[in-house]
Amino acid sequence: MRKRLGMITPSSNSVLEPVTSTMLHGIDGVSAHFSRFRVTEIALDAAALSQFDASAMLPAADLLADAKVDAIAWNGTSASWLGIGRDRSLCEAITARTGVPTTTSTLACIDAVRVLDAKCVGLVSPYTDDVQRRIADVWAEEGIAPFAERHLGLRDNFSFGEVEPTTIAGMVRAVASEGADAVVILCTNLDGAALAAALERELNVAVLDSVAVTLWRTLGLAGSDIAALAKWGRIFQTSRVIQ
């Protein structure tokens with residue numbers, strides 16, 4: 001039976017759509033569908049934070065529901081600095097109005113860390129110093145205090161998609177060298193999904209790219225075969241099921 005995956009996408013993101021489509025290439029019976037709303041920068045001032053108000057995101061979910069998708073994901077990591085409760089409330093609201101099971105990138109990353117039973121989690125992102133500190137605090141509230149981190153100090157969301165894969169790989173290696181047993185690439189506009197499997201083999205750590213992990217969780221919600229994407233990393237090889 002065909003499965004349709006709905007992705008709510010930041011307007012200035014240039015990575016997650018082509019990466020998701022590439023990952024699904026050759027996977028029979030699964031398609032990804034995207035709905036955008038405006039996001040242009042990541043910061044902690046009021047204007048930047050207001051971009052993620054549910055009133056802007058819910059209409060995007062409604063449009064995806066018109067395509068009769070089997071699962072919806074907010075394919076962005078904003079709750080990592082806004083607070084995890086924001087994403088849980090958003091998922092509840094989307095499901096209540098569309099009847100479609102829903103997740104987010106942040107919730108998926110947290111689920112993946114727990115499924116893999118990672119103890120020392122490293123965090124890689126493009127964000128500014130204050131956003132990175134806030135993320136560490138929010139994740140610590142979930143019992144996942146980042147063990148080590150690297151970030152790039154960027155604010156403009158479009159610029160995240162221009163970061164070279166070699167730069168991302170270097171940050172992952174640096175965090176792994178400090179003893180992390182899992183590294184989260186936390187941003188759906190960083191082009192890290194294609195790096196994960198090779199870095200896992202090289203470093204013997206789990207590498208959890210936000211785009212890949214969002215797809216992993218959305219596939220699970222839709223009842224699709226996660227193992228079909230096993231070549232993309234350890235998270236697709238796990239047999240544990242999230243309820």
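Below: a short report on this structure. These numbers come from a predicted model, not from an experiment. The residue numbering used here restarts from 1 in each chain and proceeds along that chain's sequence as written. With pLDDT at 70 or above as the cut-off, local features in this predicted model cover only qualifying residues; side-chain atom pairs require 80 or more to be listed or tallied, and sums for whole chains, interfaces and linings still use all residues. Hydrogens and water are ignored here; the side-chain numbers use all heavy atoms of the structure.

## A few points about the packing of helix α1 (residues 16-24) against helix α11 (residues 210-222)
Interaxial distance between α1 and α11 falls to 10 Å at its minimum, and their mutual angle equals 55 degrees. When the interaxial angle is binned, α1 and α11 end up oblique. The element α1 and its partner α11 pack so that their crossing is right-handed. Contact residues: Leu16, Val19, Thr20, Met23 and Leu24 in α1; Val211, Ala212 and Leu215 in α11. Each residue gets one label: Ala, Val, Leu, Ile, Met, Phe, Trp, Tyr, Cys and Pro are nonpolar, Asp, Glu, Lys and Arg are charged, and the others, such as Gly, are polar. Of the residues in the contact of α1 with α11, the class split is seven nonpolar, one polar and no charged. Axis definition: a line fit to C-alpha positions, over the contact stretch in the case of helices; interaxial angles, taken between N-to-C directions, run 0 to 180 degrees. Helix and strand labels come from DSSP, where a helix needs a run of H or I of at least four residues and a strand needs a run of E of at least two; each type is numbered from the N terminus. Angular relationships are summarised with four words: roughly parallel below 35 degrees, roughly antiparallel beyond 145, roughly perpendicular across 65 to 115, and oblique for the angles in between. When the near helix sits turned anticlockwise from the far one by under a right angle, the crossing is termed left-handed; a clockwise turn instead gives a right-handed crossing. Two residues qualify as a contact provided that any one of their heavy atoms is within 4.5 Å of a heavy atom in the partner residue.

## Observations regarding the packing of aromatic side chains
Pairs were defined over the aromatic rings of Phe, Tyr and Trp, the Trp ring being its six-membered one, requiring ring centres within 6.5 Å. Orientation was assigned from the angle between planes: stacked under 30 degrees, edge-to-face over 60, tilted for the rest. Considering all chains together, one arrives at five aromatic pairs under this definition. Judged by centre distance (5.2 Å) and plane angle (55 degrees), the rings of Phe37 and Trp74 are tilted. Placement of Phe37 in strand β2 (residues 30-37) and of Trp74 in strand β3 (residues 71-74) is noted, with a sequence separation of 37 residues between them. With respect to class, Phe37 is no different from Trp74; both count as buried. For the pair Tyr127 and Phe160, a centre-to-centre distance of 5.6 Å together with 75 degrees between the ring planes defines the contact as edge-to-face. With Tyr127 in the loop between β5 (121-125) and α7 (129-141) and Phe160 in helix α8 (residues 157-160), the pair connects residues that are 33 residues apart, well separated along the chain. Each of the two residues, Tyr127 as well as Phe160, counts as buried. The cut-offs for exposure are 20% and 50% of the maximum accessible area for each residue type, with area from a 1.4 Å probe on protein chains only; residues under the lower value are buried, those over the upper are exposed, and the others partly exposed.

## Description of the pattern of salt bridges
By salt bridge we mean one thing: a side-chain nitrogen of Lys or Arg within 4 Å of a carboxyl oxygen of Asp or Glu. For the coordinates displayed, the defined rule picks out ten salt bridges. Across the salt bridge formed by Arg97 and Asp62, the nearest N and O atoms sit 2.6 Å from each other. Taken together, the positions of Arg97 in helix α5 (residues 84-98) and Asp62 in helix α3 (residues 54-66) put the pair 35 residues apart, joining distant regions of the chain. By relative accessible area, Asp62 is classed as partly exposed at 24%. One salt bridge in this structure joins Lys119 and Asp117, with 2.8 Å as the shortest N-O distance. Taken together, the shared-partner salt bridges in this structure form one network comprising Glu41, Asp45 and Arg155.

## Description of the side chain of Thr188
Within the secondary structure layout, Thr188 lies in the loop between β7 (182-185) and α10 (196-203). Among the polar contacts made by the side chain of Thr188, one reaches the main-chain carbonyl oxygen of Asn75 at a distance of 3.0 Å. When near neighbours in sequence (up to four residues on either side) are disregarded, Thr188 contacts Asn13, Val15, Leu16, Asn75, Gly76, Thr77, Ser105, Ser210 and Val211. N or O atoms within 3.5 Å of each other form a polar contact, as long as, within protein, one can give a hydrogen and the other can take it, and as long as residues adjacent in sequence are counted only when both atoms are side-chain atoms.

## Observations regarding the pairing of β2
Inspection of the sheet shows strand β1 (residues 3-10) paired to β2 by eight bridges, in the parallel sense. Each residue of the ladder has a partner; that of Lys3, found in β2, is Val30. Between the parallel elements β1 and β2, the chain passes through α1 in a crossover that is right-handed. Being paired, for any two strands, means DSSP has found at least two bridges between them. By the criterion used throughout, a crossover qualifies as right-handed when its path from the first strand across the helix to the second strand runs clockwise, the strands pointing away from the viewer.

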